[in-house]
Amino acid sequence: MYSLARAILFKLDPETSHHVSLDWLGALERLKLLGGFASKRINNPVEVMGLTFPNPVGLAAGLDKNGDYFNALGSLGFGFVEIGTITPLAQAGNPKPRLFRLTEQQAIINRMGFNNKGVKHLVEQVKKKRRFEGILGINIGKNKLTPDENALDDYIHCLDAVYDYADYITVNISSPNTPGLRSLQFGEALNILLAGIKQRQGELAQSRDRYVPIAVKIAPDMTDEELTETANTLLAQGIDAVIATNTTISREGVEGSAFEQEAGGLSGVPVRDKSTHAIKVLSQVLAGKMPIIGVGGISSAHDAAEKIKAGASLVQLYSGFIYQGPALVREAAKGCLEAQVG
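Thresholds, definitions, all that
Residues numbered from 1 in each chain as written. Predicted model: local features only at pLDDT ≥ 70, side-chain atom pairs only at ≥ 80, totals over all residues. Heavy atoms only, no water. 1 Å grid on protein atoms, 1.4 Å probe; cavity = no way out; pocket = protein on both sides within 12 Å on 5 of 7 lines; lining within 4 Å. Points joined across faces, edges and corners; volume = space filled by probe spheres on them. Helix = DSSP H or I, 4+ residues; strand = E, 2+ residues; numbered from the N terminus. Pairing = 2+ DSSP bridges. Axes fitted to C-alpha atoms, helices over the stretch in contact; angles between N-to-C directions. Contact = heavy atoms within 4.5 Å. Nonpolar A, V, L, I, M, F, W, Y, C, P; charged D, E, K, R; others polar. Expected span 1.5 Å × (residues − 1). Buried < 20%, exposed > 50% of the residue type's maximum accessible area, 1.4 Å probe, protein only. Core = buried A, V, L, I, M, F, W, Y, C linked by side-chain atoms within 4.5 Å. Phe/Tyr/Trp six-rings, centres within 6.5 Å; stacked < 30°, edge-to-face > 60°. Lys NZ or Arg CZ within 6 Å of the ring centre and 35° of its normal. Parallel < 35°, antiparallel > 145°, perpendicular 65-115°, else oblique. Left-handed = near helix turned anticlockwise from the far one by under 90°.

Draft legend 1. Focus on the layout of surface pockets. For the second largest pocket, the calculated volume is near 320 Å³. Forming the boundary of the second largest pocket are 14 residues, of which Glu29, Asn71, Gly74, Ser75 and Arg131 lie nearest the centre. Among the elements of the structure, α2 (14-30) and α3 (70-74) are those that each provide at least two residues to the lining of the second largest pocket.

Draft legend 2. Local environment of the environment of Lys274. In this fold, Lys274 is placed in helix α8 (residues 272-286). For the pair formed by Lys274 and Ala161, sequence separation is 113 residues and the distance between their alpha carbons is 34 Å.

Draft legend 3. Examining the sheet that holds strand β7 (residues 135-140) more closely. Spatial strand order, β3-β4-β7-β8-β9-β10-β12-β13: eight strands in a closed barrel with parallel pairing. Direction aside, the axes of adjacent strands within the sheet are offset by 25 degrees on average. Bridge count for strand β9 (residues 214-218) against strand β10 (residues 241-244) is four bridges, and the pairing is parallel. Bridged to Ala215 within β10 is Ala241. In the packing of helix α5 (residues 151-162) onto the sheet, contacts are made with β4 (80-86), β7, β8 (168-172) and β9, and the angle to β7 comes to roughly 155 degrees.

Draft legend 4. Molecular detail of empty space enclosed by the protein. Taken as a whole and assessed by the stated rule, the structure comprises one cavity of 30 Å³ or more. Size it by volume and the largest cavity reaches roughly 50 Å³. Around the largest cavity, the lining residues are Ala38, Ser39, Lys40, Arg41, Ile42, Asn55, Leu76, Gly77, Pro326, Val329, Arg330 and Ala333. Here the lining of the largest cavity is built from residues that sort into six nonpolar, three polar and three charged.

Draft legend 5. Examining α5 more closely. Over its twelve residues, α5 extends 17 Å from the first C-alpha to the last, a length consistent with the 16 Å expected when each residue adds 1.5 Å. On the buried face of α5, the contacting elements are β4, α4 (119-129), β7, β8, α6 (187-208) and β9.

Draft legend 6. Representation of the sheet that holds strand β5 (residues 99-102) in the model. Across the sheet, which stays open at both edges, the three strands sit in the order β5-β6-β11 with antiparallel pairing between neighbours. Pairing within the sheet leaves two strands with one partner each, and these edge strands are β5 and β11 (265-268). Averaged over all pairs of adjacent strands, the angle between their axes in this sheet comes to 20 degrees, without regard to strand direction. One ladder, built from four bridges, connects β5 with strand β6 (residues 107-110); its direction is antiparallel. Within β6, the residue paired with Leu102 across the bridge is Ala107.

Draft legend 7. Inspection of the pairing of β6 at higher detail. Residues Ala107 and Ile109 line one face of β6 and the alternating positions Ile108 and Asn110 line the opposite face, and both faces are buried. Following β5, the chain reverses through four residues before pairing antiparallel with β6; Gln106 in that reversal takes a positive phi of roughly 50 degrees. Summarising the sheet, β6 and β11 pair through four bridges and their orientation is antiparallel. Opposite Asn110, over in β11, you have Gly265 as the bridge partner.

Draft legend 8. How the structure looks around the nonpolar core. In this structure, Phe53, Ile140 and Tyr155 are the most contacted members of the largest nonpolar core, which totals 94 residues. Look past the residues within four positions of Phe53 in its chain and what remains in contact with it is Asn44, Pro45, Val46, Val48, Phe80, Ile135, Tyr168 and Leu314.

Draft legend 9. Highlighting the packing of aromatic side chains. Tallied over the full model, the rule gives six aromatic pairs. Measuring from centroid to centroid gives 5.0 Å for Phe53 and Phe80, while their planes differ by 85 degrees, and the two rings are edge-to-face. Taken together, the residues span a long stretch of sequence, with Phe53 in strand β2 (residues 51-53) and Phe80 in strand β4 at a distance of 27 residues. Of the two residues, Phe53 and Phe80, both sit in the buried class. In this structure an aromatic cluster arises from ring pairing among Phe53, Phe80 and Tyr168. Lying over the aromatic face of Phe10, Arg6 brings its terminal NZ or CZ to 4.8 Å of the ring centre. For Arg101, the ring lying beneath its charged end belongs to Phe10, and the centroid distance is 4.2 Å.

Draft legend 10. Highlighting the packing of α4 against α5. Interaxial distance between α4 and α5 falls to 10 Å at its minimum, and their mutual angle equals 15 degrees. One finds that α4 runs roughly parallel with respect to α5. Handedness of the crossing formed by α4 with α5: right-handed. Facing Val119, Leu122 and Val123 of α4, the residues of α5 in contact are His157, Cys158, Ala161 and Val162. Grouping the constituent residues of the contact of α4 with α5 by class yields six nonpolar, one polar and no charged.

Draft legend 11. Here's a closer look at the pairing of β4. The element β4 is largely enclosed, with a buried count of seven among its seven residues. Bridge count between strand β3 (residues 57-59) and β4: two bridges; the pairing is parallel. Directly across from Leu59, in β4, lies its bridge partner Val81. Sheet analysis places β4 next to β7, joined by five bridges and oriented parallel.

Next up, the structure:
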């Protein structure tokens, strides 16, 4: 059924298709008609960050930025869903067009620019409408107009707002579409940011009597030395997990595409090997002291298994899900199970 839906949706502009497909899913879920699109969730519970995930396959942030559709998306077999990236204030994002399908390479280039309705809207959606029984992550970022030196203020604002409603929180410092954001991944800027976030996490945990883990999402474009340095900083600051990786600014694997020169982050099959390599490097440095969530280029059971074998405890889907639909969720869950057994 998804192949037919995709044939229709792919005739539309990518951003229009995105909104139409989510609206369809939301309506079908509310009418309890999603059974024709989704198989029953594979139960393969895993303990990560002190949380029990029904299975290790999640939906990466970016598909449901505002928390409008996570109930429907969660009904497609995911063990967890991550919504966002959300910012303190609503913002329109970058000018259109800003989303491009590279169908031959099963890839996507986006330069959305953290377009979202603001953290207050997302919190209201989760607070009033949550039916999804899996793990819910909320991905937070900074507004485009916030100077880098004030970035911590934006992250603290979002952390305070979502803390009571998230099962875990992801700090996004790796999108290539917000100027200056990736500079927060390195050196003293990273130490200052994470120290401030961890301090506030501790205060909230004490006042709420509930500890909400924090993950940090990093880029795939680091050298091994940079990955090692970042991993050591995450450990030193007591971060609960690392998500590897975000989209890449590289165009390796899409040479000759009509969209090769478009600015933005590349996701899908071309980023698979870069992501898996980053996971391997992180796994060696972290040595089991911090879990890794693997994302990037998963389009088969084999790809999911490869991420687990490289050192990831959980995996997330994004572009592969758009190209292959809900069937990939089950396939990835099978791949993870086989990797764990093997």
